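Take a look at the letters that make up each chain.
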Amino acid sequence: MGVPCIDHWGDSMSDVILVPAVFRCPDHDNHELLTARVREQVDREAAWFGERTSEVFRVSVVCPGSAHAPAPHRRVYDGTWTRAAVAARVA
């Protein structure tokens, strides 16, 4: 069983970047914010490695904490992004 993924547009309309679906802080429930921040960093990395179809990533993002414990702290996430042609994905 694979890791659930979300897709979002890469550098061109023919590319899709696949990354793990949800990134969570183990101490707080900020998964939507953290996932968006990870996706932004992965997009930048995918643009940097534009000639590659897949790459392992390690990104660091800030979790702002929660209403009960508002101390910001960094979280590091590992994963792999993959670039796939939309036509191949639809077929």
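Thresholds, definitions, all that
- Residues numbered from 1 in each chain as written.
- Predicted model: local features only at pLDDT ≥ 70, side-chain atom pairs only at ≥ 80, totals over all residues.
- Heavy atoms only, no water.
- Helix = DSSP H or I, 4+ residues; strand = E, 2+ residues; numbered from the N terminus.
- Contact = heavy atoms within 4.5 Å.
- Areas by Shrake-Rupley, 256 points an atom, 1.4 Å probe, with all protein chains shown as cover.
- Salt bridge = Lys/Arg side-chain N within 4 Å of Asp/Glu carboxyl O.
- Buried < 20%, exposed > 50% of the residue type's maximum accessible area, 1.4 Å probe, protein only.
- Core = buried A, V, L, I, M, F, W, Y, C linked by side-chain atoms within 4.5 Å.
- Phe/Tyr/Trp six-rings, centres within 6.5 Å; stacked < 30°, edge-to-face > 60°.
- Polar contact = N/O pair within 3.5 Å; in protein donor to acceptor, adjacent residues only side chain to side chain.

Asker: Give a detailed account of the overall build of the chain, specifying residues and quantitative values.
Answerer: Counting its regular elements, the chain contains 2 helices and 4 strands. Listing the helices and strands of the chain from first to last along the sequence gives β-β-α-β-β-α. Across the chain, every contact between residues at least 6 apart in sequence was considered, and the portion connecting residues at least 24 apart equals 53%. With an accessible surface of roughly 5,900 Å², the chain has 58% of that area assigned to carbon and sulfur atoms.

Asker: Would you mind going over the pattern of salt bridges in detail, with residue names and values included?
Answerer: Enumeration according to the criterion identifies 4 salt bridges in this entry. The salt bridge involving Arg75 is made with Asp27; its shortest N-O contact spans 2.2 Å. Here Arg75 is found in strand β4 (residues 73–85), whereas its partner Asp27 is found in the loop between β2 (15–20) and α1 (31–48), with 48 residues between them in sequence. In this structure Asp27 comes out as exposed when scored by relative accessible area, which is 53%. Among the ionic pairs, Glu55 bridges to Arg52, the shortest N-O distance being 2.6 Å.

Asker: Could you give me a rundown of the nonpolar core, with the residues and numbers involved?
Answerer: Ranked by size, the top nonpolar core spans 13 residues in total, and within it Leu34, Val38, Phe57, Tyr77 and Trp81 carry the most contacts. Those elements that provide at least two residues to this core are α1, β3 (54–63) and β4.

Asker: Go over the packing of aromatic side chains with me, naming the residues and quoting the values.
Answerer: Enumeration according to the criterion identifies 2 aromatic pairs in this entry. Considering the side-chain rings of Phe23 and Tyr77, the 5.3 Å spacing of their centres and the 75 degrees angle between planes classify their relative orientation as edge-to-face. One end of the pair, Phe23, is in the loop between β2 and α1; the other, Tyr77, is in strand β4, with 54 residues separating them in the sequence. Across the pair, exposure class does not vary: Phe23 and Tyr77 are buried alike. Through pairs of rings, three or more aromatic residues link up here, namely Phe23, Phe57 and Tyr77.

Asker: Tell me what's going on with the environment of Leu33, and back it up with residues and numbers.
Answerer: Turning to its location among the elements, Leu33 is positioned in helix α1. For the pair Leu33 and Val22, spaced 11 residues apart in the sequence, the C-alpha separation amounts to 9.9 Å.

Asker: Give me the lowdown on the side chain of His28, citing residues and values where you can.
Answerer: Relative to the elements of secondary structure, His28 occurs in the loop between β2 and α1. According to the relative accessible area criterion, His28 is buried, its value standing at 14%. Those residues within four positions of His28 in sequence are excluded, and the remaining contacts are Cys63, Gly65, Ser66, Ala69 and His73.

Asker: Before we move on, can you summarise the side chain of Asn30 with the specific residues and values?
Answerer: Residue placement: Asn30 occurs in the loop between β2 and α1. A distance of 2.7 Å separates a polar atom in the side chain of Asn30 from the backbone oxygen of Gly65. Discounting residues that sit within four places of it in the chain, Asn30 has contacts with Cys63, Pro64 and Gly65.

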